[in-house]
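What follows is each chain in one-letter form.
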Amino acid sequence: PGGKDWLLVKTGADGVATATLKQVKPAAGVNDVQMSITRPGNKDCCEPDKFIASGSLNKTWIAPSVAITKKAPATASKDEAFNYGIVVRNTANISTRDVVVTDVLPEGIAYVSSNPAAAVAGQKLTWSLGELAAGSARELSVTVKATKTGKFTNCADVAAESGLWYHVDAAY
């Protein structure tokens, strides 16, 4: 608290003291918490503090996490439709919310269809997938058509709650 790595907590009249650990931003990791319990002495009659007990605990934090992969054929001919796949994975042990995939098609590649259907705005394809369960994956199948010859690099991104973001490139 306040940038310190220690905290002094006094008990209430019932003898109970409470401290709460909170993360500023969700992130996976472990906190090691050491505790020492003492009874305050009486400074008026020279009685020192009395050690009562000590202990420790580990708090393991879990956080949402996403990853994305993309597979496309190495070659395609002009005016030929071809398919590529995007797989979005929740790599965490908890569900991840507000999952959105964005794929911007390069010039020379035209959108034909996808499963599930994408929201299309020019060359930008967007899928709002909502929530991904812990350890689960969603596959997107995209059909496009080459409208000119050349080498193309296509990028896809996945974003989710709490500012999560992951990027992948595919060349064809």
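As the structure is a prediction and not an experimental result, all values here were calculated from the model.

The next subject is the confidence of the model for the protein chain. For the protein chain, the average pLDDT comes to 88, and 97% of its residues sit at 70 or higher. The spread of mean pLDDT over the elements of the protein chain runs between strand 11 (residues 164–171), the lowest at 70, and strand 7 (residues 119–121), the highest at 98.

Right, let's get into the side chain of Asn154. Note that Asn154 resides in strand 10 (residues 153–160). A distance of 3.0 Å separates the side chain of Asn154 from the side chain of Asp103, its partner in a polar contact. Polar side-chain contacts of Asn154 include one of 2.7 Å to the backbone oxygen of Val104.

If you trace the four strands from one edge of the open sheet to the other, you get 3-4-9-6, paired in antiparallel fashion. The open sheet has two edge strands with one neighbour each: strand 3 (66–71) and strand 6 (109–115). The mean angle between the axes of side-by-side strands here comes to 25°, regardless of whether they run parallel or antiparallel. One ladder, built from six bridges, connects strand 3 with strand 4 (residues 81–90); its direction is antiparallel. Bridge pairing in strand 4 places Lys70 opposite Ile86.

The next subject is the pattern of salt bridges. Within the structure shown, the criterion is met by three salt bridges. Put simply, Glu161 and Arg97 hold a salt bridge, and the shortest N to O gap is 2.9 Å. Placement of the pair is Glu161 in the loop between strand 10 and strand 11 and Arg97 in strand 5 (residues 96–104), with a sequence separation of 64 residues. The closest approach of N and O atoms between Glu107 and Lys148, which form a salt bridge, is 3.6 Å. In this pair, Glu107 is assigned in the loop between strand 5 and strand 6 and Lys148 in the loop between strand 9 (137–146) and strand 10, connecting sequence segments 41 residues apart. Under the relative-accessibility criterion, Lys148 is labelled partly exposed at 36%.

Cut-offs and rules
Residues numbered from 1 in each chain as written. Predicted model: local features only at pLDDT ≥ 70, side-chain atom pairs only at ≥ 80, totals over all residues. Heavy atoms only, no water. pLDDT = per-residue confidence, 0-100. Helix = DSSP H or I, 4+ residues; strand = E, 2+ residues; numbered from the N terminus. Polar contact = N/O pair within 3.5 Å; in protein donor to acceptor, adjacent residues only side chain to side chain. Pairing = 2+ DSSP bridges. Axes fitted to C-alpha atoms, helices over the stretch in contact; angles between N-to-C directions. Salt bridge = Lys/Arg side-chain N within 4 Å of Asp/Glu carboxyl O. Buried < 20%, exposed > 50% of the residue type's maximum accessible area, 1.4 Å probe, protein only.

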